[in-house]
2 protein chains.
Amino acid sequence: MAYKAPVRDFTFLLTDVLDIDRYSNLPGFADASSDLVAQILEEGAKFAEEVIAPLNKTGDQEGCKLNADGTVTTPTGWRAAYKQMVEAGWPALSSDPAYGGQGMPAVVSMAYGQMTAAASAAFSMYPGLTHGVYSALIAAGSEEQKATYLPKLVSGEWGGTMNLTEPQCGTDLGMIRTKAVPNGDGSYQITGQKIWISSGEHDFTDNIIHLVLARIEGAPQGVKGISLFVVPKFFVNADGSLGERNNAKCAGLEHKMGIHGNATAVMAYDDAKGWLVGKENEGLKAMFVMMNEARLGTGLQGLSIGAAAYQAAVEFAKERLQGRSLTGPKNPDGPADPIIVHPDVRRMLMESKAFIEGGQAFVLWTALHADLQHSPDEAVATKAKDYMGLLTPVLKAYLTDRGFHVASQAMQVHGGSGYTEHFPASQYLRDARITMIYEGTNGVQALDLVGRKLAANGGRAVMTFFQEVDAYVAERQANAELKPFLDGLADTKAKLQEATFWLMQNGVANPDNAGAASTDYLHVFGLTALAYMWAQMAEAAQAKIAAGDTDPFYASKLTTGRFFLERILPDAAGHLAKLKTGADTMMALPAEAF
Amino acid sequence: MAYKAPVRDFTFLLTDVLDIDRYSNLPGFADASSDLVAQILEEGAKFAEEVIAPLNKTGDQEGCKLNADGTVTTPTGWRAAYKQMVEAGWPALSSDPAYGGQGMPAVVSMAYGQMTAAASAAFSMYPGLTHGVYSALIAAGSEEQKATYLPKLVSGEWGGTMNLTEPQCGTDLGMIRTKAVPNGDGSYQITGQKIWISSGEHDFTDNIIHLVLARIEGAPQGVKGISLFVVPKFFVNADGSLGERNNAKCAGLEHKMGIHGNATAVMAYDDAKGWLVGKENEGLKAMFVMMNEARLGTGLQGLSIGAAAYQAAVEFAKERLQGRSLTGPKNPDGPADPIIVHPDVRRMLMESKAFIEGGQAFVLWTALHADLQHSPDEAVATKAKDYMGLLTPVLKAYLTDRGFHVASQAMQVHGGSGYTEHFPASQYLRDARITMIYEGTNGVQALDLVGRKLAANGGRAVMTFFQEVDAYVAERQANAELKPFLDGLADTKAKLQEATFWLMQNGVANPDNAGAASTDYLHVFGLTALAYMWAQMAEAAQAKIAAGDTDPFYASKLTTGRFFLERILPDAAGHLAKLKTGADTMMALPAEAF
């Protein structure tokens, strides 16, 4: 059941669909020709397949152990693999060269990231969180903080964590109680308990840099009184060496359904010393840099776990002999046919494949917009920023909802075998399930989309997206072969637009209508995004075939795209019909009727 | 998080919707007045809530242990609870009084069964499998076998198992290798390995009666050469006392994602002695009696785990304070509102509630038809038998697919808490997942439906069902209040009929079309069945309200039914659109393209 990274799909997307060589004017792209990127991905694939993937099951079975002295031991082999990762320079891939990074664009790191997340979601979270801390400090840290922490975070010699949740508050961060008392020397004493801290304590690195949301004494109530602090596990001396141990301790590890290899810590800050990051009471703004990155990373993770699960299902479906094809034996010399001949097994595999390949395109297309935010062309940069705001919740929630579904289908393909822990299907399903929850539940993403992102700047982002899709469809009407893809896209986009207008009309009259519509709306958006991706992939594949390329990869791409149109896209109508029924029935029952 | 059995829902269904007092002409019903049944269910609820439910988490955490001597130890407290269950007579509820049973109709035992399955799915499987062995022996056993085994199976003093699967065959039973060699005295020596044997070895009972599929030496290849044998763990002496240990041993326990409290055994039969049940080479026919019962039981189980998960989610949603209602604070004196005020949380709870209550009606309505098979009126009995054949795969697959979805939504309502093993959501999700797989995967159910059940007797069963629904709708057109329910039912039934005709036209031309359509078809069937149930429940609730009953239960029922129409029923159109695209794209890719 060895994981095989889909490098071919990624190079197709980067080279033939997104044509990244166009962007040599952007930071990092000059050093990221499609040829070089292909080499990087080949190396990344090797690392993911050979070093990370073999550790995934061990991590699930052993989990992390909290020792009596408060240290945490990660699963067998994990620490050594992480050291190898740092030595190979992988954590630094997309970081700023000023701090030792390699400066690769997001479009490259989010292809690489899909491979490590698929190889082991729990493992990839350690460098993932560290990169989030890097990004928050880049955005809001002082020069001194950057100099102190960034080089070792970039290299991966130190780890990082984000500390938001407390027992009484997860989504509702206004209820945070962890307090910060100024020492008068620019530092603060931090006291409080944080829970569900991924990678909170471990043996991968000599130091761990915690970013902690807390309330400075006397700060306003609610989210306007929350500040962000950097709280290192070990203090850092002026010469960069490690000093005393800070009073930031792991007080327990959660017993979770999955991602056992990642240490999910209860963190006790007991007069721990920390330093303000950014301005007082603007902690959420700084943390949102990290959270938005984490949301994209979580969408990517849900998709990637699904992709790994799909691979395991394919392998099983080709090997398991059971029953005969409905159209006559396909393996007449064997005792039975491989189950991949059965239509309903095909249905599950094709549905998974069509979603995964569409999702991979969506992730890289979005990553390209993350890069385009830095375009010197202001119009391009503004549009890219608009898209990132609009699409982050869609990508997070749609890809994790469906990624989990794909992981569940992979188990179904395995039959009874999949339910035993001998096969990898159970771990994939259990690991995938968290992605729908953390970094803001998918319901929170949907509310962010309809409640904030749609309306921002007078709806500019979504209108730009509609115009882009309309133009794409209009410009290709002469391409008869592409017609089914254009029609599917136009039809789904029309439904999305109808849903958007419905929200504008009904959400204002009764905000519950917006909330009641939010998840169905987000799914119509996800379907539209994937329809757009599939149209672009089909166009690129057709161009290759028209140019005489006989690689069956392109024909498969077209078939998979047609399956998407036939068997996934019809869901949009149901979502639209549901959301237009509004909130009245949904909200009618008193709490005691449940 | 204490489980509370929904006795009120069950009595409403039995009394007001199904009106079981009408059937006093049927076996068992004379002793099952709705009043008496209500008492039985109250008692059953008490037992499920107080004795079984508290053991569920222990079972998940401890699992079963295989000891060095081949015995299996069940989780702490399970054995004692089972003894208590036997003493209270619960296993005998619906068995034949001739063997010590209480002779209650299926409609009663399948209400009771929902409570025990919800309280602990893993626990309820022990008596569940035993009852399956009882039914197979009732149908196919010799008088001597009945006399030997049935009384103690009925009382629950002995347990039972069904042994079909082998490492090389699950769905494809034609590949069974376990062999049976006649001893010449009517007994056989059975040798082979069976896997995934639920309740295969345990400490609940003094004896375990295994029913084993095997191939008599020289039998025809494939399913036509398979016979059924009864293989007791301990032989039974002529006086009923236990004799020597048979060579039927537990060789291992599976490590599974869930239902840890049930011992899923690898069974090694090494020249074990067994006796033929029914005729040579007709083993599958006898085993199918047990399998059909197990399929209904599995559908019931998936639904019931979902129902228990829903209850836990409701409790959490009422207690967890987070954020404010979009329409202004609902708990202004608290630090935040309970999350049940948020529309997207409502959406999940209402979707779960509407499915569960519809599913509970579907189970009891089907159980009533199981009882009606014994009607002295031949037309009634024939129709009931037709329905049981047609609806068993629908009930099994639809209720488990959606039951798992409900369990997953219950986790989502919990947010991060749900992913920790501290809350019950994870266990419900993990336990529910097996129901989509065992007793024939849901894909196998769908193929059974479209490949066998639809066509049986020239399509008589499905045509009868259409006529029944048409008549139901036509007769109530004057009821304006019922109109939305009638319209929803008629519309969905029309889609089911369209799908049926599509299958008739296209399935013959290419059998892969039937396979490709099967799962979507089954879901349209499930939706139609639930729409029919909701129409009947709405009618009964309206009648109560019209008669002046002010119990808010009835108004809630109507609201929940409207939610079903608005937010679940629209899925039917998507399923229909998908299935009509046929098999061509689905089957187009060569295996190596996956």
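Above this text you will find the structure in question.
## A few points about the pairing of strand β7 (residues 226-232) of chain A
Residues and elements named next belong to chain A.
- Extensive coverage of β7 is indicated by the burial of 7 of its 7 residues.
- Here strand β6 (residues 207-216) pairs with β7 via 7 bridges, running antiparallel. Opposite Ile 209, over in β7, you have Pro 232 as the bridge partner.
- Examined bridge by bridge, β7 and strand β11 (residues 264-277) share 3 bridges and lie antiparallel to one another. In the sheet register, Val 230 faces β11, and the bridge partner there is Trp 275.

## Focus: the interface of chain A and chain B
- Each partner contributes to the interface: chain A provides 88 residues, whereas chain B provides 88 residues.
- Buried surface at the junction of chain A and chain B, summed over both partners, amounts to about 7,400 Å²; 60% is from carbon and sulfur atoms.
- Broken down residue by residue, the surface that chain A buries against chain B is led by A:Tyr419, A:Arg567 and A:Phe594, which jointly contribute 12%.
- At the boundary of chain A and chain B, one finds 4 salt bridges.
- Note that A:Arg567 is salt-bridged to B:Asp520, the shortest N-O span being 3.2 Å.
- The tally of links between chain A and chain B comes to 50 residue pairs in polar contact (both at pLDDT 80 or more).
- Considering only residue class, the side of chain A that touches chain B consists of 38 nonpolar, 29 polar and 21 charged.

## Remarks on the pairing of strand β9 (residues 242-245) of chain A
All names here are of chain A.
- Two elements, strand β8 (residues 234-236) and β9, share 2 bridges in a ladder whose sense is antiparallel. Pairing of Phe 234 across the sheet is with Arg 245, part of β9.
- In this antiparallel pair of consecutive strands, β8 and β9, the connection spans 5 residues, and Gly 240 shows a positive phi of 90°.

## Some words on the side chain of A:Glu201
All names here are of chain A.
- Relative to the helices and strands, Glu 201 is located in the loop between β5 (187-198) and β6.
- Note on Glu 201: relative accessible area 2%, which makes it buried.
- In terms of polar contacts, Glu 201 uses its side chain to reach the side chain of Lys 233, at 2.6 Å.

## With respect to the packing of aromatic side chains
- This structure, assessed with the given rule, holds 46 aromatic pairs over all chains.
- Among the aromatic residues, ring-to-ring pairing joins A:Trp365, A:Tyr387, A:Phe465, A:Tyr472, A:Tyr521, A:Phe525 and A:Tyr532 into one connected group.
- Note that B:Arg245 overlies the ring of B:Phe234, its terminal NZ or CZ placed 5.6 Å from the centroid.

## A word on the pattern of salt bridges
- What the rule picks out here adds up to 58 salt bridges over all chains.
- Of the charged contacts, one joins B:Asp60 and B:Arg430 as a salt bridge, the two residues approaching to 2.6 Å between their closest N and O atoms. With B:Asp60 in helix α3 (residues 56-62) and B:Arg430 in helix α12 (residues 425-433), this residue pair connects regions lying 370 residues apart in the sequence.
- What emerges from the salt-bridge pattern is a single network uniting A:Asp9, A:Lys353, A:Glu357 and A:Lys557.

## Some thoughts on the relation of the copies chain A and chain B
- Mapping chain A onto chain B is achieved by rotating through 180° and translating by 0.0 Å along the same axis, at an RMSD of 0.0 Å. Both chain copies can therefore be described as sitting about a two-fold axis. Among all C-alpha atoms of chain A, that of A:Gly574 lies closest to the rotation axis, at 3.2 Å.
- When the interface residues of chain A are mapped onto chain B, 100% of them again fall at the interface, so both copies present the same face.

## A look at empty space enclosed by the protein
Residues and elements named next belong to chain A.
- All told, the structure shown has 9 cavities of 30 Å³ or more when counted by the stated rule.
- Each pocket or cavity is described by its volume, and for the second largest cavity that value is around 60 Å³.
- Lining the second largest cavity are Glu 351, Ser 352, Phe 355, Tyr 398, Arg 402, His 405, Val 406, Gln 409 and Ile 568.
- Secondary structure elements with two or more residues in the lining of the second largest cavity: α9 (343-372) and α10 (378-414).
- If you tally residues by element for the lining of the second largest cavity, the top one is α10, at 5 residues.

## Looking at the side chain of B:Arg433
- Within the secondary structure, B:Arg433 is located in helix α12.
- Despite being buried, B:Arg433 has no salt bridge partner; B:Asp401 is the closest side chain of opposite charge, sitting 6.6 Å away.
- If sequence neighbours within four positions are ignored, B:Arg433 has contacts with A:Ser408, A:Met411, A:Gln412, A:Tyr419, A:Leu429, B:Met257 and B:Phe404.

## Observations concerning the nonpolar core
- By size, the foremost hydrophobic cluster in this structure holds 424 residues, and its most contacted members are A:Tyr521 and B:Tyr521.
- Those residues within four positions of A:Tyr521 in sequence are excluded, and the remaining contacts are A:Leu449, A:Val450, A:Leu454, A:Val462, A:Leu496, A:Ala499, A:Thr500, A:Leu503 and A:Leu579.

Cut-offs applied
Residues numbered from 1 in each chain as written. Chains lettered and ligands numbered in written order. Predicted model: local features only at pLDDT ≥ 70, side-chain atom pairs only at ≥ 80, totals over all residues. Heavy atoms only, no water. Buried < 20%, exposed > 50% of the residue type's maximum accessible area, 1.4 Å probe, protein only. Helix = DSSP H or I, 4+ residues; strand = E, 2+ residues; numbered from the N terminus. Pairing = 2+ DSSP bridges. Contact = heavy atoms within 4.5 Å. Buried area = accessible area lost by both parts, 1.4 Å probe. Salt bridge = Lys/Arg side-chain N within 4 Å of Asp/Glu carboxyl O. Polar contact = N/O pair within 3.5 Å; in protein donor to acceptor, adjacent residues only side chain to side chain. Nonpolar A, V, L, I, M, F, W, Y, C, P; charged D, E, K, R; others polar. Phe/Tyr/Trp six-rings, centres within 6.5 Å; stacked < 30°, edge-to-face > 60°. Lys NZ or Arg CZ within 6 Å of the ring centre and 35° of its normal. Least-squares fit on C-alpha atoms with pLDDT ≥ 70 in both. 1 Å grid on protein atoms, 1.4 Å probe; cavity = no way out; pocket = protein on both sides within 12 Å on 5 of 7 lines; lining within 4 Å. Points joined across faces, edges and corners; volume = space filled by probe spheres on them. Lys, Arg positive; Asp, Glu negative; His and termini not counted. Core = buried A, V, L, I, M, F, W, Y, C linked by side-chain atoms within 4.5 Å.

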